[in-house]
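Report on the structure
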Amino acid sequence: MEGTSEAFLYLAVLTSIIFGLAIQQVLLGYRDLILTRTRNRLFAPVLTWSVLILLIVAQNWWESFGLAGRSDWNFIAFGMILLQALIIYMLAAVIFPRTEGDDPIDLKDHYFSERRAIYGMAIAYVISSPLRALIVDGAILPAQLVDIFDRGDQARVPVIVGYNAHEYRPEGGLGLT
């Protein structure tokens, strides 16, 4: 694909659809909890995971804007970003039980019956993050973090989860070098 914006737009549309479906899964879980509030059994780990999933979706969607200026796309980089979005969707898809009709919801039973799937997807996401950084950005650590340790300076801005291409750099530059 020639042109920076064209390649990014293809990727942005596809990942946005997947992220939107992940958000829908979590919101439908909340909806079911509200509609069956007199017949459900809440469990804090499921609710915590659901909030965490929404934050992960928002962070990944925000991070994707750093890819807008990228011009050297290849299938592996495209596939890695798509794979991460799919892992996030699958995590969102298994966090709440499927409900039919007036069946009560027992989040504790669901959590323990699906914990392998939940943690399997979470581990896949954690493993995919540095792989994505290596494949897409060419480095596992953000350049900002490497620069700080190379110069021996203290960070003026905390490095937050993610490998955003346009995070603040202490020397005033933007992006990865």
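Along the chain, the regular secondary structure elements total five helices and two strands. Helices and strands appear in the chain in the N-to-C order α-β-α-α-β-α-α. Evaluated residue by residue, the chain yields a buried proportion of 37% over its 177 residues. Long-range pairs, those at least 24 residues apart, make up 72% of the contacts in the chain between residues at least 6 apart in sequence. Just so you have it, the chain exposes about 10,500 Å², and 66% of that area is on carbon and sulfur atoms.

With 21 residues, helix H3 (residues 75–95) extends 30 Å from end C-alpha to end C-alpha; this agrees with the ideal 30 Å at 1.5 Å per step. By the burial criterion, the buried members of H3 are Ala-77, Met-80, Ile-81, Leu-82, Gln-84, Ala-85, Ile-87, Ile-88, Leu-91, Ala-92, Val-94 and Ile-95.

Here Ser-128 shows up in helix H4 (residues 107–137). Apart from the residues lying within four places of it in its own chain, the contact partners of Ser-128 are Met-80, Gln-84 and Ile-87.

In this section: the packing of H3 against H4. Where H3 meets H4, the closest approach of the two axes is 9 Å, and the angle between their N-to-C directions is 160°. The orientation of H3 with respect to H4, classified from their angle, is roughly antiparallel. Between H3 and H4 lies a crossing of left-handed hand. Partitioning the contact of H3 with H4 into residue classes produces 18 nonpolar, four polar and two charged.

A separate point is the packing of aromatic side chains. By the definition in use, this model includes eight aromatic pairs. With a centroid separation of 5.7 Å and an interplanar angle of 50°, the aromatic rings of Phe-43 and Phe-112 are classed as tilted. Highlighted residues: Phe-43 in the loop between strand E1 (40–41) and helix H2 (44–64) and Phe-112 in helix H4, separated in sequence by 69 residues. You can call Phe-112 partly exposed: its relative accessible area is 40%. Residues Trp-49 and Tyr-119 carry aromatic rings whose centres are separated by 5.5 Å and whose planes lie at 85° to one another, so their mutual orientation is edge-to-face. In this pair, Trp-49 sits in helix H2 while Tyr-119 sits in helix H4, placing the two residues 70 residues apart along the sequence. Since its relative accessible area comes to 14%, Trp-49 is described here as buried. Here the aromatic residues Phe-43, Trp-49, Tyr-111, Phe-112 and Tyr-119 are joined through ring pairs into a cluster of three or more. For the cation-ring pair, Arg-70 lies above Trp-73, with the distance from its terminal atom to the ring centre recorded as 5.1 Å.

The rules behind the values
Residues numbered from 1 in each chain as written. Predicted model: local features only at pLDDT ≥ 70, side-chain atom pairs only at ≥ 80, totals over all residues. Heavy atoms only, no water. Helix = DSSP H or I, 4+ residues; strand = E, 2+ residues; numbered from the N terminus. Buried < 20%, exposed > 50% of the residue type's maximum accessible area, 1.4 Å probe, protein only. Contact = heavy atoms within 4.5 Å. Areas by Shrake-Rupley, 256 points an atom, 1.4 Å probe, with all protein chains shown as cover. Expected span 1.5 Å × (residues − 1). Axes fitted to C-alpha atoms, helices over the stretch in contact; angles between N-to-C directions. Parallel < 35°, antiparallel > 145°, perpendicular 65-115°, else oblique. Left-handed = near helix turned anticlockwise from the far one by under 90°. Nonpolar A, V, L, I, M, F, W, Y, C, P; charged D, E, K, R; others polar. Phe/Tyr/Trp six-rings, centres within 6.5 Å; stacked < 30°, edge-to-face > 60°. Lys NZ or Arg CZ within 6 Å of the ring centre and 35° of its normal.

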